[in-house]
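# Overview (structure and organization)
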Amino acid sequence: MRPRSEASTKLETPTRAVLIDQHPLWLDIVERALRELGAEVVGKFTSPTRGLAGVTDARPDLLVMDVETRGIEDEIGGLDCLGRALTGNKSLKAVVFTSNHAEEMIASAFAAGAAAYVIKTVQPEDFVSAIRQVCTQSVHFALTPKRVAPPPRAPEEHGLTSREVEIVRLVAEGLTNTQVAQQLVVTEQTVKFHLSNTYRKLGLSNRTEASRWAQVNGLLDSGSRRRLAS
């Protein structure tokens, strides 16, 4: 992720943040991005153990951390740190910011309580968007028990951004992540990031369910609907 040079829209409410990453360079990059949003960084740590203590002491509103702890001895694991930091702290929002894009790690991070999972190859504007959505509580990721489906609602009522609607529509039309990225002139990792957020918001598990949701909610033209039905 490159540092943003342009001014960003400030967060609506005061936000105090703690950052944890074993690489000081990434700590500085994330701090710069958060300060552009108007957040106050009250602690930066390269150690998960010290970072957890920092969260306990500072009681921040936001935690941005890497769950990778390779080569760090005598340390608690990143996921363990994440889970402990969130235990009993309902006001804390956690964003995992890491190079690890394994599905198992993503699932484990959300299970530990993360509000968002961002890959370090993400575009700066997408990182800022994730932070803003988490801090403004405009996105809810928790899954709810299945029940009788209500009438279709507009994508905006589900908390989807215009880019997420655009991506889920292209996915429903049968495009691969690579093809979507090429058409929208973004990275494939950015497409995966938006799809992951879309699944969480809608309570879906995969591309097939997302395609069906797009069809039911009227995101596809008649030609696309005929191809899906065939």
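Scroll up to find the structure this text is about.
Residues numbered from 1 in each chain as written. Predicted model: local features only at pLDDT ≥ 70, side-chain atom pairs only at ≥ 80, totals over all residues. Heavy atoms only, no water.

### Topic: the environment of Val67
Topologically, Val67 is positioned in the loop between strand 3 (62-65) and helix 3 (78-86). A residue is classified by how much of its surface remains accessible, and Val67, at 4% relative accessible area, is buried. Sequence spacing of Val67 and Asn100 is 33 residues, and the spatial spacing of their C-alpha atoms is 8.3 Å. Val67 has contacts with Gly78, Leu79, Val96, Thr98 and Met105, leaving out every residue within four places of it along the chain. (Helix = DSSP H or I, 4+ residues; strand = E, 2+ residues; numbered from the N terminus. Buried < 20%, exposed > 50% of the residue type's maximum accessible area, 1.4 Å probe, protein only. Contact = heavy atoms within 4.5 Å.)

### Regarding helix 2 (residues 48-58)
Residues spaced three or four apart along an α-helix point in a common direction, a consequence of the helix completing one turn every 3.6 residues. Residues of helix 2 that are buried: Pro48, Gly51, Leu52, Gly54, Val55 and Ala58. The buried side chains of helix 2 occupy one side of the element, clustering within an arc of 155 degrees when seen end-on. The secondary structure elements touched by the buried residues of helix 2 are strand 1 (16-20), strand 2 (40-45), strand 3 and helix 3. The opening residue of helix 2, the one whose side-chain oxygen lies 3.3 Å from the backbone nitrogen of Thr49, is Ser47. Positive backbone phi, approximately 50 degrees, marks Arg59, located one or two places after helix 2. (Arc of directions from axis to C-beta. Polar contact = N/O pair within 3.5 Å; in protein donor to acceptor, adjacent residues only side chain to side chain.)

### Considerations on the packing of aromatic side chains
By the definition in use, this model includes 2 aromatic pairs. Seen from their ring centres, Trp26 and Phe97 are 5.7 Å apart, and the 85 degrees between their planes marks the pair as edge-to-face. In this pair, Trp26 sits in helix 1 (residues 24-36) while Phe97 sits in strand 4 (residues 93-98), placing the two residues 71 residues apart along the sequence. The residues Trp26 and Phe97 share a single accessibility class, namely buried. Ring centres 4.7 Å apart and planes at 45 degrees place the aromatic pair Phe97 and Phe127 in the tilted group. With Phe97 in strand 4 and Phe127 in helix 5 (residues 124-136), the pair connects residues that are 30 residues apart, well separated along the chain. As far as the burial class goes, Phe97 and Phe127 line up, both buried. A network of ring pairs unites the aromatic residues Trp26, Phe97 and Phe127 as a single cluster. (Phe/Tyr/Trp six-rings, centres within 6.5 Å; stacked < 30°, edge-to-face > 60°.)

### Side note on the packing of helix 6 (residues 162-172) against helix 8 (residues 188-202)
In contact at an axis separation of 9 Å, helix 6 and helix 8 are set at 95 degrees when each is read in the N-to-C sense. Regarding the angle of helix 6 to helix 8, the classification is roughly perpendicular. Contacts between helix 6 and helix 8 involve Arg163, Glu164, Ile167, Val168 and Val171 from the former and Val191, His194, Leu195, Asn197, Thr198 and Lys201 from the latter. A class-by-class count of the residues in the contact of helix 6 with helix 8 yields 5 nonpolar, 3 polar and 3 charged. (Axes fitted to C-alpha atoms, helices over the stretch in contact; angles between N-to-C directions. Parallel < 35°, antiparallel > 145°, perpendicular 65-115°, else oblique. Nonpolar A, V, L, I, M, F, W, Y, C, P; charged D, E, K, R; others polar.)

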